[in-house]
Each structure stands twice: as C-alpha cells, then as structure tokens.
Amino acid sequence: MAHLDAIDTAILRVIQQNGRISNAELAERVGLSPSACSRRLDILEKSGVINGYHARVSPKALDYKMIAIVHISLSGQFAKTLNEFESAVKLCPNVLVCYLMSGEYDYILRVAAKDLEDYERIHRDWLSALPHVVKINSSFALREIIDRPNVGI
C-alpha cells in the first residue's frame, strides 16, 4: 500500500464526496496541475488505495423494503468448510454484505428483501441451502440510522 501524503489525502477526500468530478476540477481543488493530479490518481488506483468508482442505488427505489441481519453458524471452521460456504454465499444476489466473524456466529450477512414473503423465499432457496449451515438467526432492521459509504480520512 502506498504511503499517503497530504495531497493524496486531499484527493481521496474530494473523490469520496464526488467520484464523478473532472480531473481539471479535482486538480484545482487540491492545488495540482491536471497532469500531476492524473498521475496521482493513477498511482492511487494501481496501488489499491482506490478500488473502484460506484453508483449507490437506493434499494427502496428497486422495491427492496426490508433489510435482514442474518447470523450463520456452520458445522465447523475447517478451511474447506469456510471456502465452500464463501463460494456459495457469493452467488446469492440478495446478500449485500458477508463477514466472517469471531464470537458466537461464524458469519453475519446483510440481506435485502422486497417483503417478508420474499425473505422467506431467500431463506428457503438460498440461505438454508448454503453448505455446512447448521443455524440461521435472522433479525429485521426497523429503520436505517446511518450507512456510510466512505471511511473517514
């Protein structure tokens, strides 16, 4: 990972707020020439500091009104078991986030569903069919308070 200086940090702050900003405007805001700014961006991208540019689409706009937080326990934590589960969970289009955890559960998922009936389908057809699952515990978000797309810089 590249060492970040004050200019790199300024670039990251600006593009986290507006990933569609023009190079010329970005350069002006961080006090660089456009060519120097472009080189800096290229280095940040190639070194993995910037790992993509994304549009944030509202799940509600696509009629996904429910978010479930799902705790998963597996039959064991052998490398083969974890790898098979992780390969399979990546195929479920409704799983937005999956974390391998320490503690009581092996994984925590954030799952989008259109309604309770849709979640039942996801649970039946996808979650229950994942390899090595022995326990599923689902909770439903009542209201989203914060969902930061960016880390603090």
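Keep in mind that what you see is a predicted model, and the values were worked out from it rather than measured.

## Topic: the UniProt feature "domain: HTH asnC-type" (unreviewed entry) in the protein
Turning to step 1, where the next piece is worked out: Summarizing the sequence annotation, UniProt attributes the feature "domain: HTH asnC-type" (unreviewed entry) to residues 4-65 in the numbering used throughout.
Turning to step 2, where the next piece is worked out: In residues 4-65, the share of helix is 53% and the share of strand is 0%. The end C-alpha atoms are 39 Å apart.

## Focus on the pairing of strand 1 (residues 66-74)
Turning to step 1, where the next piece is worked out: For strand 1, a buried count of seven out of nine residues is recorded, marking the element as mostly surrounded by other parts of the structure.
Turning to step 2, where the next piece is worked out: The sheet contact formed by strand 1 and strand 4 (residues 133-140) spans seven bridges and is antiparallel. By the bridge assignment for strand 4, His71 is matched with Asn137.

## Details of the sheet that holds strand 4
Turning to step 1, where the next piece is worked out: Overall, antiparallel pairing links the four strands, which are arranged 2-3-1-4 in an open sheet. Among the strands making up the open sheet, the edge pair consists of strand 2 (95-100) and strand 4. Neighbour-to-neighbour, the strand axes of the sheet open up by a mean angle of 20°, direction not taken into account.
Turning to step 2, where the next piece is worked out: Relative to strand 3 (residues 107-113), strand 2 runs antiparallel, the two being bridged by five bridges. In the strand pairing of strand 3, Val95 is matched with Val111.
Turning to step 3, where the next piece is worked out: Its contacts with the sheet put helix 4 (residues 79-89) on strand 1, strand 2, strand 3 and strand 4, and the angle it makes with strand 2 is roughly 165°.

Cut-off values and rules
- Residues numbered from 1 in each chain as written.
- Predicted model: local features only at pLDDT ≥ 70, side-chain atom pairs only at ≥ 80, totals over all residues.
- Heavy atoms only, no water.
- UniProt positions renumbered as here; feature names shortened; annotations may be inferred.
- Helix = DSSP H or I, 4+ residues; strand = E, 2+ residues; numbered from the N terminus.
- Buried < 20%, exposed > 50% of the residue type's maximum accessible area, 1.4 Å probe, protein only.
- Pairing = 2+ DSSP bridges.
- Axes fitted to C-alpha atoms, helices over the stretch in contact; angles between N-to-C directions.
- Contact = heavy atoms within 4.5 Å.

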